[in-house]
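Descriptive structure summary
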Amino acid sequence: MQTTFNTSTILSHVPGYPRMGAARELKFALERHWRGEIDEAALQAVGRQLRARHWEEQRLAGLDFVSVGDFAYYDQVANHIQLLGCEPARYGFSPQQSELSRYFRMARGAPTAAAAPAAAAHTESHASGCGHSQCQHGQPDGAPAADAALEMSKWFDTNYHYLLPEFSAETSFALASQRLFDEVEEAQALGHPVKAVLLGPLSFLWLGKVRSAQPFERLELLERLLPVYGALLSRLKQQGVSWVQIDEPILGLDLPPAWRSAFETAYWQLNQAGAQLLLATYFSPLEENLSLACRLPVAGLHVDGVRAAHELTSIADWLPVHKVLSVGIVDGRNIWRCDLDAALTILQPLLAKRQGKLWLSSSCSLLHVPYTLAAEAQLDPEVRPWLAFAHEKLAELAVLKQALQGAADGAALAASRSALASRAHSLRLHQPELRARLAALPADADQRPSPFALRQPQQQARLQLPAFPTTTIGSFPQTPAIRAARAAYKRGELDSAAYAQRMRAEIADAVQRQEALGLDVLVHGEAERNDMVEYFGEQLEGFLFSAHGWVQSYGSRCVKPPILYGDVRRPQAMTVDWTVYTQSLTDKPVKGMLTGPVTILQWSFVREDQPRRDTALQLALAIRDEVADLQQAGIAIIQIDEPAVREGLPLRRSRWDAYLDWATRAFRIAAGAAADATQIHTHICYAEFNEILPQIAAMDADVITIETSRSDAELLQALRRYPYPNQIGPGVYDIHSPRVPAQAEMVGLLQRAASVVPAAQLWVNPDCGLKTRGWSETESALRNMVAAAHQLRAELAPA
């Protein structure tokens, strides 16, 4: 017989909620503000409207608390930099500057005079072309330019980018921002019970970057930081906040002993503030940190019940019964409907162990999923019932709560069972011919015909490139004319022939600009592509697409991940016609541009009914076929972008080898159709690759282009320890800022690179694609880049 419990002992909440708005209102307000069309007051009014709307939705869905503090105009970690009073001194902010203007200066850098006109109109850069870091950024690094943006990296193993705090031995902290307290007052004035959300002090320090000429350990700053957190918690308690969710996601990582030891001291001190703390972990099992998390002096513990489901029984046993256990039972990272019956089977024994007291939640913030299915009327009617976006996940929590309270919604549970059965028995999930092909794949399918040492001279003989060859990563500015043509095509106002003609005109313009700049290897600019993953997914079987399924990547940049629901197959060539047309316009080599299998996997909402490695191999076969067709068409250079290969790395090191084995093999299978004289490039960016350089080298790309500018060429330090065996293009300028670096700055970085990498192996390129930069700043920066390469040829080129 099912046991029911007092309704007051079963509560629900979410760790965070999407902030952009159902119609991306925040995105468009931000971009209008950056263009100077609205002032700070108007932007902040949009923020207040969105917060009020999202809190109301949480309450109407039956949540017992609304989350306050999860909203950000750019990034939640950047919010904490201001809240904790540690804005980097290098910016030289004056007291007259508003808090919001300082915030955007840190996030976006400052445009140079040459770039200012274009920067006023630009939107945020193409975040789909960026990698990841979940590692600590603990090595000392030189200070970047005063007008450069904060370094950006991936939030653990998600495709969300956060801004790295900068620390030195001189860093001080103070309670310096009123924003969080104002938002608490807003929610309270609307009658909502508030749960404030903070990033915990240890995670804040761990996720930061040391910027110091002398070696320095960030953990030494904890003693200075804790009193500020104490004052912050006391202030929230004075405001009447009943619970404070304090996020420490690093408890899901392999922590050094000193960091693990610091938790007990830190939380003993924070507990003195008297606030009820809900310690929140997510994205990973706790493993060796499980008992530590359970015994910390906090009032409650939130755990990821999706990724750490196997630990729930142990957590329920270890956590003292007087503490709250919050179980993230609804997946906050993917869009598949929750199996409510399975969830109830997990929750019932936990309730018994916890004497009928339990909080229900999503596994993590719902920031990582789209807003609502309500706007998706055109979505495939068979697949749509299989899905749940953020708004629908609130409803799932309500159904689970009602069921545990003995008031089960029979219709909702029946709908869940029906959808799950429909998905399980759908004939669209499996393609027998594809699976047979995978089973028959030769053992050497992931090997090129010859090793790099034999391929390189054949490629050079074919391409005849100069020393320090210059190129770009692939995309060029998506102008208003391009966007208007694409929109007209989607609306049916342009037929396919007229649309293709307009795109060919844009490609021809991009080729002319590149030749005028003097670039050595050209790209077609990707005018016809909406997104580097979506473009391919639209042409592959096994994918479908939402109309409004936007997810914030950083700042105003949103992406609309494809939904990968079934076996993947390429019915026909995807890029060949565009690439062949581009090559017909120039005598210089043109790169064929493809997105790699791991990146398509990582940046899609992926089926979870089979191992991810199996889906990656299906994607690899599709890209392999495209490589073969490009090569057959005479294309000499093919770039297979894998910016997300690091992002997919498990948070626990014990699982790294297994992942890297299948991820790098998937890339090699995709590239394995290339002959020796065909040069294979790949691009990876915005990530910490230092620890896995041997595995990156195992991808065996002939040329790798990689971010180095925002990290002040930190990768070069790693290359001293592990010389990269093939050719490499360390990015010489940051495309995520409107700033145009001078020629001398790029020369300096290249000179540093040449002290580590043989000159014959170096390429010259930006950090990432240029899709959402303006043409004025793009051409200014590339002109300086080409000039820098010419200077290096004169100074350092091998005889």
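In this text the structure is predicted, and so the values were computed from the model without any measurement.

Here we come to the overall build of the protein chain. Along the protein chain, the regular secondary structure elements total 27 helices and 22 strands. For a compact globule of 799 residues, the expected C-alpha radius of gyration is about 28 Å, and the protein chain comes in at 26 Å, within 12% of that figure. Principal axes of the C-alpha set define a box for the protein chain whose edges measure 75 × 65 × 50 Å. Out of the 799 residues in the protein chain, the part that is buried amounts to 64%. Put simply, 81% of the contacts in the protein chain that link residues at least 6 apart link residues at least 24 apart. In the structure as shown, the protein chain presents an accessible area of about 27100 Å², 52% of it carried by carbon and sulfur atoms.

A few words on the packing of helix 2 (residues 40-60) against helix 6 (residues 179-189). At a minimum axis distance of 11 Å, the contact between helix 2 and helix 6 shows a crossing angle of 50 degrees. Here helix 2 lies oblique to helix 6, going by the angle between them. Our pair here, helix 2 against helix 6, has a crossing hand that is right-handed. For the pair helix 2 and helix 6, contact is made by R48, R51 and W55 and by E183, E186 and A187, respectively.

Looking now at the state of the cysteines. Taken as a whole, this structure holds 0 disulfides when the rule is applied. With no disulfide of its own, C364 has C338 as its nearest cysteine by sulfur position, at a separation of 13 Å.

Here the focus is the sheet that holds strand 6 (residues 194-199). An order of 1-12-11-10-9-8-6-2 is seen for the 8 strands of this open sheet, with the pairing classed as parallel. Bordering the open sheet on either side are strand 1 (10-12) and strand 2 (66-68), each of which pairs with just one other strand. Geometrically, the sheet is characterised by an average inter-axis angle of 25 degrees between neighbouring strands, direction not taken into account. Pairing geometry for strand 10 (residues 300-304) and strand 11 (residues 324-330), over 5 bridges, is parallel. Residue pairing in the sheet places L301 in a bridge with L325 of strand 11.

Tracing the backbone through its elements, the reader meets R653 in the loop between strand 19 (637-641) and helix 23 (656-671). Residue classification places R653 among the partly exposed positions, given a relative accessible area of 41%. Filtering out sequence-adjacent residues up to four positions away, R653 remains in contact with D254 and E691.

Burial runs high along strand 10: 5 of the 5 residues are buried. Burial of strand 10 is two-sided: the residues G300, H302 and D304 facing one way and the residues L301 and V303 facing the other way are all buried. Where strand 9 (residues 277-280) lies against strand 10, 3 bridges are found, and the strand directions are parallel. Bridging from a neighbouring strand, L278 pairs with G300 of strand 10. The parallel pair strand 9 and strand 10 is bridged by helix 10 (residues 290-295), and the resulting crossover is right-handed. With helix 11 (residues 312-318) bridging strand 10 and its parallel neighbour strand 11, the resulting β-α-β unit is right-handed.

Across the protein chain, the average pLDDT comes to 91, with 93% of residues at or above 70. Low pLDDT, under 50, characterises residues 1-7; the predicted model gives this stretch 14 contacts beyond four residues in sequence or across chains. Of the regions scoring below 50 in pLDDT, residues 113-136 engages in 107 contacts with residues more than four places distant in sequence or in other chains.

In this structure, W155, F173, L202, F204, L236 and Y267 are the most contacted members of the largest nonpolar core, which totals 145 residues. Top element by residues in this core is helix 8 (residues 222-238). It accounts for 8 residues. Setting aside residues no more than four positions away along its own chain, L202 makes contact with L219, L222, E248, I250, W259, A262, F263, A266 and Y267. In this structure, Y499, V590, I680 and A718 belong to the second largest nonpolar core, which totals 106 residues.

With that settled, consider helix 2. The first and last C-alpha atoms of helix 2 sit 30 Å apart over 21 residues, in line with the 30 Å expected at 1.5 Å per residue. Those residues of helix 2 that sit buried are L43, V46, G47, L50, R51, H54, W55, E57 and Q58. Within helix 2, the buried residues cover an arc of 160 degrees as seen down the axis, which keeps them to one side. Against the buried residues of helix 2 lie helix 1 (25-34), strand 2, helix 4 (99-108), helix 6 and helix 13 (390-404). Regarding helix 2, its N-cap is D39, as a side-chain oxygen of that residue lies 3.3 Å from the backbone nitrogen of A41 further along. A positive phi of about 95 degrees marks G62, the residue just after helix 2.

This next bit is on the packing of aromatic side chains. For any two aromatic rings, the description comes down to two numbers: the centre-to-centre distance and the angle of the planes. Applying the stated criterion to the full structure yields 23 aromatic pairs. Here the aromatic rings of W155 and Y162 are separated by 5.7 Å at their centres, their planes lie at 75 degrees, and the arrangement is edge-to-face. W155 sits in the buried class, given a relative accessible area of 4%. Ring pairing ties together the aromatic residues W34, Y74, Y103, F104 and Y554, which thus form one cluster. The ring of W34 carries the charged tip of R108 above its face, separated from the ring centre by 4.0 Å.

Within the fold, E647 resides in the loop between strand 19 and helix 23. At 2.4 Å, the side chain of E647 and the side chain of K154 are in polar contact.

For the rest of this paragraph, the subject is helix 3 (residues 76-83). Burial runs high along helix 3: 8 of the 8 residues are buried. Listing the buried residues of helix 3 in full gives Q76, V77, A78, N79, H80, I81, Q82 and L83. Close packing links the buried residues of helix 3 with helix 4, strand 4 (161-163), helix 6, strand 6, helix 7 (201-206) and helix 8. By the N-cap criterion, in which a side-chain oxygen at the helix start approaches the backbone nitrogen of a residue two or three places on, helix 3 is capped by D75, the distance to V77 being 3.2 Å.

Let us now look at the pattern of salt bridges. A side chain of one charge can pair with a side chain of the opposite charge if their charged atoms are brought near each other. In total, this model carries 47 salt bridges according to the counting rule given. The residue R423 makes a salt bridge to E608 at a minimum N-O spacing of 2.6 Å. Of this pair, R423 sits in helix 14 (residues 410-424) while E608 sits in the loop between strand 18 (605-606) and helix 22 (612-632), placing them 185 residues apart in sequence. Its relative accessible area of 48% is what places E608 among the partly exposed residues.

In any sheet, the strands associate via hydrogen bonds between backbone groups, in a parallel or an antiparallel arrangement. Spatially, 5 strands are ordered 17-19-20-21-22 in an open sheet, and the strand pairing comes out parallel. Looking at the sheet topology across the chains shown, the edges are occupied by strand 17 (591-595) and strand 22 (727-730). When the angles between neighbouring strand axes are averaged without regard to direction, this sheet yields 20 degrees. For strand 19 and strand 20 (residues 679-684), the ladder comprises 3 bridges, and the chain directions are parallel. The partner of Q639 across the bridge, within strand 20, is H681. Of the strands in this sheet, strand 17 and strand 19 are in contact with helix 22, which crosses strand 17 at around 170 degrees.

What follows deals with the packing of helix 1 against helix 2. Each pair of packed helices can be described by the angle between their axes along with the distance between the axes. In the contact formed by helix 1 and helix 2, the axes pass within 10 Å of each other and the chain directions differ by 170 degrees. The pairing of helix 1 with helix 2 is recorded here as roughly antiparallel in orientation. Of the residues in helix 2, those in contact with E25, L26, A29, L30 and H33 of helix 1 are E40, L43, V46, L50 and R53.

Procedures and definitions
- Residues numbered from 1 in each chain as written.
- Predicted model: local features only at pLDDT ≥ 70, side-chain atom pairs only at ≥ 80, totals over all residues.
- Heavy atoms only, no water.
- Helix = DSSP H or I, 4+ residues; strand = E, 2+ residues; numbered from the N terminus.
- Rg over C-alpha atoms; globule rule 2.2 N^0.38 Å.
- Buried < 20%, exposed > 50% of the residue type's maximum accessible area, 1.4 Å probe, protein only.
- Contact = heavy atoms within 4.5 Å.
- Areas by Shrake-Rupley, 256 points an atom, 1.4 Å probe, with all protein chains shown as cover.
- Axes fitted to C-alpha atoms, helices over the stretch in contact; angles between N-to-C directions.
- Parallel < 35°, antiparallel > 145°, perpendicular 65-115°, else oblique.
- Left-handed = near helix turned anticlockwise from the far one by under 90°.
- Disulfide = S-S within 2.5 Å.
- Pairing = 2+ DSSP bridges.
- Right-handed = clockwise from strand over helix to strand, strands pointing away.
- pLDDT = per-residue confidence, 0-100.
- Core = buried A, V, L, I, M, F, W, Y, C linked by side-chain atoms within 4.5 Å.
- Expected span 1.5 Å × (residues − 1).
- Arc of directions from axis to C-beta.
- Polar contact = N/O pair within 3.5 Å; in protein donor to acceptor, adjacent residues only side chain to side chain.
- Phe/Tyr/Trp six-rings, centres within 6.5 Å; stacked < 30°, edge-to-face > 60°.
- Lys NZ or Arg CZ within 6 Å of the ring centre and 35° of its normal.
- Salt bridge = Lys/Arg side-chain N within 4 Å of Asp/Glu carboxyl O.

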